[in-house]
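As a plain string of letters, each chain reads:
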Amino acid sequence: MAEAQLTSDEPAPAVEAQAPATRELTYLEAISEALREEMRRDETVICMGEDIGAFGGAFKVTDGFYEEFGAARVINTPLAENAIIGTAVGAAIEGLRPVCEMQFADFISCGFDQLVNVAAKLHYRQGIAVPIVVRLPSGGGFSGGPFHSQNPEAWFLQAPGLKVVAPATAADAKGLLISAIRDPNPVCFLEHKGLYRTVRDEVPAGEHAVPLGKARVAREGSELTVIAYGSSVHLALRAAEELGEDIEVIDLRSLCPMDTEAILASVRKTSKVLVAHEATRSCGVGAEVSALIAEHAFEYLDAPVRRLTAPDVPIPFSPPLEQAVLPQLDDMKEACDELLRY
Amino acid sequence: MSSSGTSAALAAGGRVEVTMPQMGISVSEGTIVEWRKQPGDEVVADEVLCEVSTDKIDVEIPCPASGVLESVLVGEGETVAVGTPIALVLTGESNGEGAGTAGARERAAAGPGAGGSSAAPGPKGTGDRRPATGDPGELDRSRFYSPVVQRMAAEHGIDLESIAGTGVGGRVRKKDVETAIAARSAAPAHKTLHTESPYRPEPEAQAPAPSARPALAGERREVMTPMRKAIAEHMVRSRRTAAHVTTVVEVDFSAVRRRRAELRADLERRGVKLTYLAFVARAAVAALQEFPVLNASVDGEELVYHDSVNLGIAVALDDGLVVPVIPRAERLSLEGMAAAIAEVAEKARTGRLVPDDVQGGTFTITNPGQFGAIIATPIINQPQVAILDLEAVVKRPVVVDDAIAIRPMAYLPLSFDHRALDGATAARFLSRIKAILESGDVS
């Protein structure tokens, strides 16, 4: 992990423990709240993106922001992702903390050069911090087809200098976005569209920063570890409940930096691992986690490390085909059951 | 002969390097089961330093020198080749501090602490390992041991062969090892010493496996003793391994009887009981010098010829059988042979054998004739290639110079491994023994 090098000379974000009251929010509301609170707290925080102004964004994350913060801080942009991220990098160099919204994560490919070649490397090349966040509404499950359903996290895990987070719960969506905004490095924030309105949990009101690079034990167990993030965490939790088995679920939350200690600790306990994600299979997070385990916990394994992922194909429009491609609850249960019996 | 073969080299700075000993002819590596001493502990020469397990035996490694255990270079559960340094003992006899010290520290640092990069545990059972992917329901996995299973078994000295697997395909899984460990700690500590050679780690006493069926009226069921199980396993394995053939010669023991009568009183005064077995052993060892292929082992596609005859003598016990070994039997005279046989037999019967006494055999003689049997087809003691059998010496009418005479006769069956040699060689070998014995020229 290049954690030490990643840190530029910004002060560490203050994490105040004030036992805040909680209330139930959706995943979407939690993201929106995090953004609003940070913009209120710090006037250098700005938003940029397509239709995020008066329209409030394609998914209404910035609904009401234009009215509250004005056109100077809630900036509607042309349909040009390279320009959005490039402008954000420049603004960040000048002292702002831009939060860019990609309307769909898929469109990040147009902004790839500014993100991967410029934002990720400025600190290494010139010692300049680039505190931007790129919000990436990702994931499928609603017949969005090949351009509106992808999970592109692995692209960014190959670009040293970027941090990548992918919350599964509303509380983490808020806490990780706050930490991402305060982090001095460029952060890709993967928010799963399928969770926007289906996931609802207790979210602390006010200050709530979840540290980057820390996984969460979503469910404790001793027979099998399912390592997941984003939507797959919910699939794993449901499978564990329905199977009634002693399954541990680790929610990675951060993909880079990754909480390797939490992964290895769980492997040492259960000796069996399923890595699950909605993204495609090859060279993905599952491959990386499997390799990590093979390298550092081989002598603790009691079964081959298995992956439950989408196959290496684009996401189809057709609902039955899309269902066949994306890991379903039954697939998760079957994969768990197979490992438990092994 | 150093009792356990622990080898040690004097390292610089008054240090003695302890290396993985050669524990048997076919043993090439050992696994540290447990360190009885920790770095910093005082050690006295010959005190047990650690316990090592090989694929044949468990051995306690004595400390080669007195001093302080400076460092342990190989961690518990790790497997290293014979000759690899495993520990450093500081003897306090300073003979030039400095050179070598750094190297020693480096090795120490790269030892047990190096965790992740250290060698994988012994490859026991990996022969049938297949990529464990896809449908796990079909393959026989009863002898596939996962990394965690191998490690836990090594750490706790569990014999995996003795565990019934509950995983897919009969696989022994982590859970099963945990159950075995729990069962063992509940069971009373009891370790038998005897076992069939080659010595194998004693299967741990376990709660009797629930019998498949309850005893019927008129029968009684008993769980086999560890020795019985070890013999059963070894015999079946040998049958499966070697191409057994048995050839028999008949020997006239008249000359041996005369020679025995000549020597007997003298030897008895010196406390040595002269038996027919000693004559046969002496003749066999002499013949083995001329037919080295019978003093060999099969190792894969290679024949391993042994310079020395390490002669196994099968000794019947009340509840089993053990084969103590007389090392380098070619150096023994008839009297020495008789004394050596008496000694190992006595040790076997009184339970005083140590693992070193039952391993490294290159040829075995069994002697059921003492109980009156006249012919048998013995099973070879693996990895040897032959076993000679002395049957009862009984008076039979035989034709001598076209006349019928009464002579003390005995059959000498030889079971040999047809993979290593053919019937003609076996017959020539037996004929040579017969000629030696019938000449009576044994001393």
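Residues numbered from 1 in each chain as written. Chains lettered and ligands numbered in written order. Predicted model: local features only at pLDDT ≥ 70, side-chain atom pairs only at ≥ 80, totals over all residues.

1. Observations regarding the packing of helix α2 (residues 27-41) of chain A against helix α8 (residues 170-182) of chain A
All names here are of chain A.
Piece 1. Axis separation between α2 and α8 bottoms out at 8 Å; the angle between their running directions is 30°. When the axes of α2 and α8 are compared, the pair comes out roughly parallel. Viewed along their axes, α2 and α8 form a crossing whose handedness is right-handed. Where α2 abuts α8, its residues Tyr27, Ala30, Ile31, Glu33, Ala34, Leu35 and Glu38 lie against Ala170, Ala171, Ala173, Lys174, Leu177, Ile178 and Ile181. (Axes fitted to C-alpha atoms, helices over the stretch in contact; angles between N-to-C directions. Helix = DSSP H or I, 4+ residues; strand = E, 2+ residues; numbered from the N terminus. Parallel < 35°, antiparallel > 145°, perpendicular 65-115°, else oblique. Left-handed = near helix turned anticlockwise from the far one by under 90°. Contact = placed C-beta atoms within 7 Å.)

2. A look at the pairing of strand β10 (residues 224-228) of chain A
Residues and elements named next belong to chain A.
Piece 1. Judged by how many residues are buried, β10 sits mostly within the fold: 5 of 5 residues are covered.
Piece 2. Neither face of β10 is open: one carries Leu224, Val226 and Ala228, the other Thr225 and Ile227, and all of them are buried.
Piece 3. One ladder, built from 5 bridges, connects β10 with strand β11 (residues 247-251); its direction is parallel. Bridging across to β11, Val226 finds its partner in Val249. (Buried ≥ 20, exposed ≤ 12 C-beta atoms within 10 Å, placed from the backbone. Pairing = 2+ DSSP bridges.)

3. Overview of unusual backbone geometry
Piece 1. The amide bond that connects Cys256 of chain A to the next residue, Pro257 of chain A, takes the cis arrangement and shows omega of -5°.
Piece 2. Assignment of secondary structure puts Pro257 of chain A in the loop between β12 (254-256) and α10 (260-270).
Piece 3. A cis geometry characterises the amide bond from Gln382 of chain B onward to Pro383 of chain B, with omega recorded as 5°.
Piece 4. Turning to its location among the elements, Pro383 of chain B is positioned in the loop between β17 (363-366) and β18 (386-389).

4. Quick word on helix α5 (residues 254-269) of chain B
Owing to its 3.6 residues per turn, the α-helix brings residues three or four apart onto one side.
All names here are of chain B.
Piece 1. The end-to-end C-alpha distance of α5, which contains 16 residues, comes to 24 Å, matching closely the 22 Å that a straight helix rising 1.5 Å per residue would cover.
Piece 2. At Leu263, α5 is deflected by roughly 45°, the largest bend along its length.
Piece 3. Once α5 ends, the next one or two residues include Gly271, with phi positive near 80°. (Expected span 1.5 Å × (residues − 1). Bend = angle between axes of the 7 residues up to and from the residue.)

Remember, this is a structural readout, not a statement about activity or role.
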